[in-house]
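Here's the letter readout for the chains.
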Amino acid sequence: AQSVTQLDSQVPVFEEAPVELRCNYSSSVSVYLFWYVQYPNQGLQLLLKYLSGSTLVESINGFEAEFNKSQTSFHLRKPSVHISDTAEYFCAVSDEGSQGNLIFGKGTKLSVKP
Amino acid sequence: ETGVTQSPTHLIKTRGQQVTLRCSSQSGHNTVSWYQQALGQGPQFIFQYYREEENGRGNFPPRFSGLQFPNYSSELNVNALELDDSALYLCASSQGTAQETQYFGPGTRLLVL
């Protein structure tokens, strides 16, 4: 069965520093990969997704993630974080042949300090 | 365009009771998925409804059941509530294929005492 591992439960960083949130998934079959963000007391919002094509995908607010099939990873990066990026980030995977149910990691809490 | 809405926002029940949670899908979406998010955990897939039929189920017992209506809104019913059912219940709507983005509602926070 598919599983998702987010290696860091909490990541504290200073404002304007770079950050990487790590995500690995278990299966090498064809998958779709997603990063969702959850702000306090809110639902999940899609940050970016990989379906096919270029292995580097970008969001409108400066985040990017790279699909690495050989390492079964989909790490999320941002070169310079803002206070407003403080949130919990969830990596999720959906198998190509599935009905679209998402398998989530346990999440990484990003805390950006001034 | 109206987003995904859920009701109620918060709910307190006691063990053994039954609860019904409601979800209105985003306009144009025919698929609703339900997830349970326990404190400190990622969301776990409960089940999915596509055009009023259950279209996939996660590892949850039969006391978790659901419905989808002709307007694609949905209900999640949980019978014989247990303390471990305390969680945030998230509803997500989509166009129903694995590559489509799922749009999440704000959730219903259920506390079972």
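The following paragraphs examine the structure supplied in this document. (Residues numbered from 1 in each chain as written. Chains lettered and ligands numbered in written order. Predicted model: local features only at pLDDT ≥ 70, side-chain atom pairs only at ≥ 80, totals over all residues. Heavy atoms only, no water.)

### Here we look at the sheet that holds strand E7 (residues 64-68) of chain B
All names here are of chain B. Applied cut-off: We treat two strands as partners when DSSP finds at least two bridges between them. Going along the chain from the N terminus, every DSSP run of H or I of four or more residues is numbered as a helix, and every run of E of two or more is numbered as a strand. Only the contacting stretch of a helix is used when fitting its axis, a line to C-alpha atoms as for every element, and angles between N-to-C directions run 0 to 180 degrees.
Taking strand neighbours across the sheet as the criterion, the 4 strands line up as E1-E3-E8-E7 in an open arrangement whose pairing is antiparallel. In this open sheet, the two edge strands, each paired with only one partner strand, are strand E1 (5-7) and E7. Between one strand axis and the next, the sheet turns by 20° as a mean value, whatever way the strands run. By the bridge criterion, 5 bridges tie strand E3 (residues 19-24) to strand E8 (residues 74-78) in an arrangement that is antiparallel. Across the sheet, Thr20 pairs through a bridge with Asn77, a residue of E8.

### Notes on the state of the cysteines
Residue and element names in this part refer to chain B. Cut-off, in case you're wondering: A pair of sulfur atoms, both from cysteines and within 2.5 Å, is called a disulfide here. Think of it in three bands: with a 1.4 Å probe and only protein chains considered, a residue is buried below 20% of the maximum accessible area for its type, exposed above 50%, and partly exposed in between.
Applying the stated criterion across every chain, the model contains 2 disulfides over all chains. Covalently, Cys23 is tied to Cys91 through a disulfide, its sulfur atoms 1.7 Å apart. With the S-S bond torsion at -45°, the cross-link from Cys23 to Cys91 turns out left-handed. You can see Cys23 sitting in strand E3 and its partner Cys91 sitting in strand E9 (residues 87-94), a full 68 residues away along the chain. There is no split in this pair, since Cys23 and Cys91 are both buried.

### Re the pattern of salt bridges
Residues and elements named next belong to chain A. Our working definition: Salt bridges are identified by distance alone: a Lys or Arg side-chain nitrogen within 4 Å of an Asp or Glu carboxyl oxygen.
As enumerated under the stated definition, the model contains 8 salt bridges over all chains in all. Between Arg22 and Asp8 there is a salt bridge, with the nearest N and O atoms lying 3.0 Å from each other. Of the two residues, Arg22 is situated in the loop between strand E3 (19-21) and strand E4 (24-25) and Asp8 in the loop between strand E1 (4-5) and strand E2 (10-14); the sequence distance between them amounts to 14 residues. Given a relative accessible area of 31%, Arg22 falls into the partly exposed group. Of the charged contacts in the structure, one is a salt bridge between Arg77 and Glu20, with a shortest N-O distance of 2.8 Å. Taken together, the residues Arg77 in strand E9 (residues 73-78) and Glu20 in strand E3 connect sequence positions 57 residues apart. By relative accessible area, Arg77 is classed as partly exposed at 27%.

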